[in-house]
Amino acid sequence: MRGFIVTAALAALCSISGNIVASAPVKIGMVTTLSTKAGYLGEDIRDGFRLAMDLEGGMLGGVPVELLVDDDGRDPGKGKQIAERFMQRDGVKIMTGIVFSNVAMAVVPKVVRDGVIYISPNAGPSALAGKGCHENYFNVAWQNDNLHEAVGQYATDSGFQNIYLLAPNYPAGKDALQGFKRYYKGNVAGEVYTKLGQSDYAGELAALRAAKPDAVFFFLPGGMGINFIKQYAQAGLNKEIPLMGPAFSFDQRLLKAVGDAAVGVVNGSQWNHDLENDANLLFVEAFEKTYGRMPTLYASQGYDAARLIGSALKQVGGDLSDMSAFRAALRKADFASVRGAFKFGSNQHPVQDIYVREVVRTEAGDITNETRKKVFANHRDAYAAECAM
Amino acid sequence: MNPALSLRKFVLGTGLVVLLLLPILATVAGDPYLITLFSRILIYALAAVSLDLIIGYGGMVSLGHAAFVGIGAYVVGILAFHMQDGSALASWPFELQSSNAVLVVWPAAILISASMAALIGAVSLRTRGMQFIMITLAFAQMLFYLAVSLEVYGGDDGISLWSRNELPLIDLGDDRAFYYICLICLLIFLYLSDRLVFSRFGRVVRGAKVNELRMQSLGFPTYRYKLVCFSIAGAGAGLAGVLMANQSEFVSPSLLHWTHSGELIVMVLLGGMGTLIGPVLGAAAMLLMEEVLSAYTEHWMVFLGPFLIFVVLFAKRGIYGWLSGTGVESE
Amino acid sequence: MLLFLEQLLNGLQLGVMLFLMSAGLTLVFGIMRVINLAHGSLYMVGAYVAATVFLHSGSFILGLLAAITAAGLVGMLVELLVLRRLYGRDHLDQVLATFGLILFFNELTVIIWGRQPLFMDVPDLLSGTIEVIPGAPYPSYRLAIILAGILVAAFLYLLFNHTRLGMQIRAGASNREMIAALGVNIKLLNTLVFGLGALLAGLAGAMAGPILAVESGMGESILILTFVVIVIGGIGSIRGALIAALMVGMVETLGGFMLPALLRLFLPAATADGAGASLASMSVYMLMAVVLVLRPHGLFPVHD
């Protein structure tokens, strides 16, 4: 009961002050995953976003902004609830932050129909890139298949003939293998779906060894990836069969937990800390200075999301009353992305270069990614044609 | 008049008035989010009350109650999926078209949840105690993995609904209308539960909780009584699932996850087990606490954990027992 | 055939891990009648402490010892502060309170160690592979785990069957009042048993460190399987826990490997793989449901 009175009073207060102060900061709602095992992903997206604000002294594109952050706990229902609160109580018009596709599928279709602009800094489910695309939905990271496609192309280019595929048994896992196979032209030695959240891969590794592939492609995000890579190395497989995957299992924080076992693994990414452009140099240095750790690709995506919003806010002078003007401004993508060239395709998903990186041990003893080569230039996703926009 | 009883009436009366007036209060306060929040509270309250029927009154500790919530929600989701898709629900043995009407979908969902509860209960009730906890968990986990593997219906991503179900004259898409529908559902279920608990049937079930052998020797087939009770609880949970799916316009396997069942148990215990109002208070307390605490610190779990231990150790009868200062209703 | 044998070895290794976890849990339940959901947290404490000590000292053995000690101490502390008050209470109270402990421990590790999963490597001595089965190199670290499990099982067998303490514990599991009447210090016995269970959980956690991601919430993944094991085995029975742990380990490992292959005989490959993976996820729970339907008290019931 007391909670109710307090919240009601607070809300009343907010709505009054909102009317008086005309130049109140633009509110941006961030629904992200800070708890559970995957909490560090949301943490990096948030920290990347905040960094962009801090570098401008609490503003984006010269417009004062206020960032509201809440933790969805990787639960779609919770994410939905937070989004509703942001819309109804705080009057948020711009949202961002969701890490996982299943949370995105619960939140995004509804909020964009209600007139909120959603900028995705991570998840890019195919349903939202194709038939379900929407003028209020922008993706500043990638469509889910993109990084897998890059690895598929790399495998074809490198002449691999017989590759073993492994992913968790859930939609993003199936999309991953689809994406890989779209560009990989060789033979599939085996295709295995593991339990979501599985921790021990001994059984899969034994079957994998018996299939004698010439390389392994796997998609196991987060802790699942740590487990798999460590066990792969312990089984001595890293010396026999090359391992490749998307960047999700090789971000900077994960590599620290995997150690030497990951060295030599090739992975696809749209960004790396060693990409040479001014925006990236500034970002990597500022991130390390502020947070005392190397940025991950998630942090780069959070940072780019903030910079994209900033570029559009600047064009409309912080005025969100005309949403179509704001959308048009966003569509221009008039900001210097840390990954270099960046623009939106017809479905408002990225058109960008994608690279392969290799995990190396530096002379200083750190384990990190080094960019090897550009696999795709101006790559578009496969679903844009289905989008009626 | 017994002072405790009048206090109880006072609590109930004020609570009801506040709930009835809430949409108006929220509009006056300029915070429409309160309507959404309290709709959720009412829905969780409904699920918690249904769970309390078996835990508090029947002594059957189920760690799989979220499965029935999930089944109810999935019926709504699957039917909505076929409506959006324009495809038939089934083509064999006869053509069956999908529906979006409340009057068709909701009873179907409740019926299916209740039947699944009857099926699962029939097997699970052969065990008791710890084994009962685990076997209900086992069935819930099987259904969870089944939902994850339903590729057509989005697998782990779930189903996004394009609109709420349709009712003649009333637009459920309006949050205020929907709030009142939730309130009505909860009140009806509370009324029916109240009648049930204090009926002959209810006495047998409660008797079986205290001393099953004695009830059996008195000639009551307690297994059948408990099974019916379990199915009714399943129906209530199914209705909660239907409302949940409509409220969030989204269905996913996370609804069936065992932690969700755990949350429902926490609500029942926090509010006061073996009472009908307790679970309602528990659901409200839990959801409000989450709202308030998570606004202060992202590490709010570090407070929630010890708080739960504290409740168990020092406030055994839950919020309701503490408020009314009396013992548990059923005793 | 070669593959099948290797999978049997994998099943054995998972079974051993589960046995280390369930031995402690089943004892605690058998003697104190307490459902302790926080058992998984002790496993996590073991892994975190082992990883931290390993990181600073570079010694695996030191990490292992520190983990066992820490888990044992934390376990006894939890027993003294919380669980002791829950003896004789309703199971529901125990579930709720120990669930509270899980939330607390998980968030505490995030506060202390951050969200970054910790790194822990296998000791150099065990980093290679051995061809136990000719033609199938097997990680020697996993063999060491199997060996450790067998040693622990032997130790427990000796403890329970050939020492006075063990007899008291067994007696406590079957009739608590009786041994209290015989003048055994029940309180001390409880704390000791709890400490022993915690120590085994810590050992399992520390040994899992090099194989798995050391992260907050890692305890819950194994906790549910542990409960499945003790319920199948019969609550309170160490022998039941051993046999059920091996059964669950085998089903979990072989299910994921054989079910998709089996379904491929009837179904198109893509459907078979998906359905097989789903069935494999469910297989352990099906096993438990079947066992409980046939034997409601598990395979080796201690109480009636």
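**Overview of the overall build of chain B**
Phase 1: Counting its regular elements, chain B contains 13 helices and two strands.
Phase 2: Relative to its length of 331 residues, chain B is compact, with a C-alpha radius of gyration of 20 Å against a globular reference of 20 Å.
Phase 3: Across its three principal axes, chain B shows a C-alpha extent of roughly 60 × 55 × 40 Å.
Phase 4: Burial status across chain B gives 57% buried among its 331 residues.
Phase 5: Sequence-distant contacts in chain B: of pairs separated by 6 or more residues, those separated by 24 or more amount to 77%.

**Side note on the overall build of chain A**
Phase 1: Within chain A one finds 13 helices and 14 strands.
Phase 2: Compactness check: chain A gives a C-alpha radius of gyration of 21 Å against a globular reference of 21 Å for 389 residues, within 12% of the reference.
Phase 3: Seen along its three principal axes, the alpha-carbon backbone of chain A occupies a region of about 70 × 45 × 45 Å.
Phase 4: Considering chain A as a whole, with its 389 residues, one finds that 60% of them fall into the buried category.
Phase 5: Long-range contacts, defined as pairs at least 24 residues apart, comprise 71% of the intrachain contacts of chain A with a sequence gap of at least 6.

**Some remarks on the domain arrangement of chain A**
Residues and elements named next belong to chain A.
Phase 1: Taken domain by domain, chain A consists of domain 1 (2-142 + 276-344) and domain 2 (146-269 + 354-385).
Phase 2: Centre-to-centre, using C-alpha coordinates, domain 1 lies 29 Å away from domain 2.
Phase 3: Taken together, the contact between domain 1 and domain 2 spans 13 residues of the former and 15 residues of the latter.
Phase 4: Put simply, the parts of the chain that give the side of domain 1 that touches domain 2 at least two residues each are α5 (126-129) and α12 (297-316).
Phase 5: Grouping the constituent residues of the side of domain 1 that touches domain 2 by class yields eight nonpolar, four polar and one charged.

**Considerations on helix α8 (residues 186-208) of chain C**
Phase 1: Here α8 of chain C is 23 residues long and its end C-alpha atoms lie 33 Å apart, about the 33 Å a rise of 1.5 Å per residue gives.
Phase 2: A large share of α8 of chain C lies buried, amounting to 17 of its 23 residues.

**Focus: the interface of chain B and chain A**
Phase 1: The interface of chain B with chain A comprises 26 residues on the first partner and 28 residues on the second.
Phase 2: Here the residues of the side of chain B that touches chain A are counted per class, giving nine nonpolar, 11 polar and six charged.

**Structural notes on the confidence of the model for chain A**
Residue and element names in this part refer to chain A.
Phase 1: Averaged over every residue, the pLDDT of chain A is 90; the share at 70 or more is 94%.
Phase 2: Below pLDDT 50 for its whole length, residues 1-6 participates in two contacts with residues either more than four positions away or in separate chains.
Phase 3: Of the regions scoring below 50 in pLDDT, residues 8-22 engages in 11 contacts with residues more than four places distant in sequence or in other chains.

**Side note on the interface of chain B and chain C**
Phase 1: Residue-level contacts link 33 residues of chain B with 36 residues of chain C.
Phase 2: Listed by contribution, the elements that provide at least two residues to the side of chain B that touches chain C are α5 (130-149), α10 (258-271) and α12 (301-314) of chain B.
Phase 3: Sort the elements by how many residues they give to the side of chain B that touches chain C and α5 of chain B lands first, with 12 residues.
Phase 4: When grouped by side-chain class, the residues that make up the side of chain B that touches chain C number 23 nonpolar, eight polar and two charged.

**Considering the sheet that holds strand β2 (residues 59-60) of chain A**
Residue and element names in this part refer to chain A.
Phase 1: Pairing within the open sheet is mixed, and its six strands lie in the order β2-β3-β1-β4-β5-β6. This sheet does not close on itself; its edge strands, each paired only once, are β2 and β6 (137-139).
Phase 2: Summarising the sheet, strand β5 (residues 117-120) and β6 pair through three bridges and their orientation is parallel. Counterpart to Ile-119 in the pairing with β6 is Phe-138.

**Describing helix α1 (residues 2-32) of chain C**
Residue and element names in this part refer to chain C.
Phase 1: Over its 31 residues, α1 runs 45 Å from end to end, which matches the ideal 45 Å to within 8%, given 1.5 Å per residue.
Phase 2: At Ser-22, α1 shows its largest bend, some 30°.
Phase 3: Buried residues dominate α1, accounting for 25 of its 31 residues.
Phase 4: Phi for Arg-33, located one or two positions after α1, is positive at around 55°.

**Points about the pairing of strand β13 (residues 350-361) of chain A**
All names here are of chain A.
Phase 1: The pairing of strand β11 (residues 266-269) with β13 spans four bridges and is classified as antiparallel. In the sheet register, Ser-269 faces β13, and the bridge partner there is Tyr-355.
Phase 2: Pairing analysis gives three bridges linking strand β12 (residues 342-344) to β13, with the strands arranged antiparallel. Within β13, the position partnered with Lys-343 by the bridge is Val-351.
Phase 3: Two successive antiparallel strands, β13 and strand β14 (residues 367-379), enclose a turn made up of five residues, where Gly-365 displays a positive phi of approximately 95°.

**Concerning the packing of helix α2 (residues 39-57) of chain C against helix α4 (residues 91-113) of chain C**
All names here are of chain C.
Phase 1: Between α2 and α4, whose axes approach to 9 Å, the crossing angle comes to 15°. Classified by the interaxial angle, the pair formed by α2 and α4 is roughly parallel. Two packed elements cross with a definite hand, and for α2 against α4 that hand is left-handed. Contacts from Gly-40, Ser-41, Met-44 and Tyr-48 of α2 reach α4 at Leu-101, Ile-102, Phe-105, Thr-109 and Trp-113.
Phase 2: The residue makeup of the contact of α2 with α4, split by class, is six nonpolar, three polar and no charged.

**Focus on the pairing of strand β9 (residues 215-218) of chain A**
All names here are of chain A.
Phase 1: Note: strand β7 (residues 162-168) against β9, four bridges, orientation parallel. Bridge pairing in β9 places Leu-165 opposite Phe-217.
Phase 2: When β9 meets strand β10 (residues 243-246), the two strands line up parallel, connected through two bridges. Considered in β10, the bridge of Phe-217 is made with Met-244.
Phase 3: A crossover connection joins β9 to the parallel β10 through helix α9 (residues 223-234); in handedness this β-α-β unit is right-handed.

**Quick look at unusual backbone geometry**
Phase 1: Even without being glycine, Ala-333 of chain A reaches a positive phi, approximately 50°.
Phase 2: Tracing the backbone through its elements, the reader meets Ala-333 of chain A in the loop between α13 (323-332) and β12.
Phase 3: Phi angles above zero are rare outside glycine, and Arg-33 of chain C is one such case at about 55°.
Phase 4: Mapped onto the elements, Arg-33 of chain C comes out in the loop between α1 and α2.

**Remarks on the environment of Pro-350 of chain A**
All names here are of chain A.
Phase 1: Relative to the assigned elements, Pro-350 resides in strand β13.
Phase 2: Linking Pro-350 and Asn-139, residues 211 residues apart in sequence, is a C-alpha distance of 6.6 Å.
Phase 3: Setting aside its immediate chain neighbours within four residues, Pro-350 contacts Asn-139, Val-140, Trp-142, Phe-342 and Phe-344.

**A closer look at the nonpolar core**
Phase 1: Of all hydrophobic cores here, the largest spans 355 residues; its most connected members are Ala-45 and Leu-46 of chain B together with Ala-50 and Met-288 of chain C.
Phase 2: Residue contributions to this core peak at 19 residues, all from helix α2 (residues 33-57) of chain B.
Phase 3: When residues of this core are assigned to domains, at least three fall in each of domain 1 (2-142 + 276-344) and domain 2 (146-269 + 354-385) of chain A.
Phase 4: Apart from the residues lying within four places of it in its own chain, the contact partners of Ala-50 of chain C are Gly-63, Leu-64, Ala-66, Ala-67, Met-120, Gly-205, Ala-206 and Gly-209 of chain C.

**Side note on the confidence of the model for chain B**
All names here are of chain B.
Phase 1: When pLDDT is averaged along chain B, the result is 88; 96% of the residues meet or exceed 70.
Phase 2: Of the regions scoring below 50 in pLDDT, residues 327-331 engages in 11 contacts with residues more than four places distant in sequence or in other chains.
Phase 3: Scoring of the predicted complex yields 0.87 for pTM and 0.85 for ipTM.

**Brief notes about the environment of Leu-67 of chain A**
All names here are of chain A.
Phase 1: Relative to the helices and strands, Leu-67 is located in strand β3 (residues 63-71).
Phase 2: For Leu-67, a count of 19 C-beta atoms within 10 Å puts it in the partly exposed group.
Phase 3: Residues Leu-67 and Gly-302, spaced 235 residues apart in sequence, show a C-alpha to C-alpha distance of 12 Å.
Phase 4: Beyond its immediate stretch of four places on either side in the chain, Leu-67 contacts Ile-28, Met-30, Phe-49, Arg-50 and Met-53.

What counts, and where the lines are drawn
- Residues numbered from 1 in each chain as written.
- Chains lettered and ligands numbered in written order.
- Predicted model: local features only at pLDDT ≥ 70, side-chain atom pairs only at ≥ 80, totals over all residues.
- Helix = DSSP H or I, 4+ residues; strand = E, 2+ residues; numbered from the N terminus.
- Rg over C-alpha atoms; globule rule 2.2 N^0.38 Å.
- Buried ≥ 20, exposed ≤ 12 C-beta atoms within 10 Å, placed from the backbone.
- Contact = placed C-beta atoms within 7 Å.
- Domains from an automatic or database assignment.
- Nonpolar A, V, L, I, M, F, W, Y, C, P; charged D, E, K, R; others polar.
- Expected span 1.5 Å × (residues − 1).
- pLDDT = per-residue confidence, 0-100.
- Pairing = 2+ DSSP bridges.
- Bend = angle between axes of the 7 residues up to and from the residue.
- Axes fitted to C-alpha atoms, helices over the stretch in contact; angles between N-to-C directions.
- Parallel < 35°, antiparallel > 145°, perpendicular 65-115°, else oblique.
- Left-handed = near helix turned anticlockwise from the far one by under 90°.
- Right-handed = clockwise from strand over helix to strand, strands pointing away.
- Core = buried A, V, L, I, M, F, W, Y, C linked by C-beta atoms within 7 Å.

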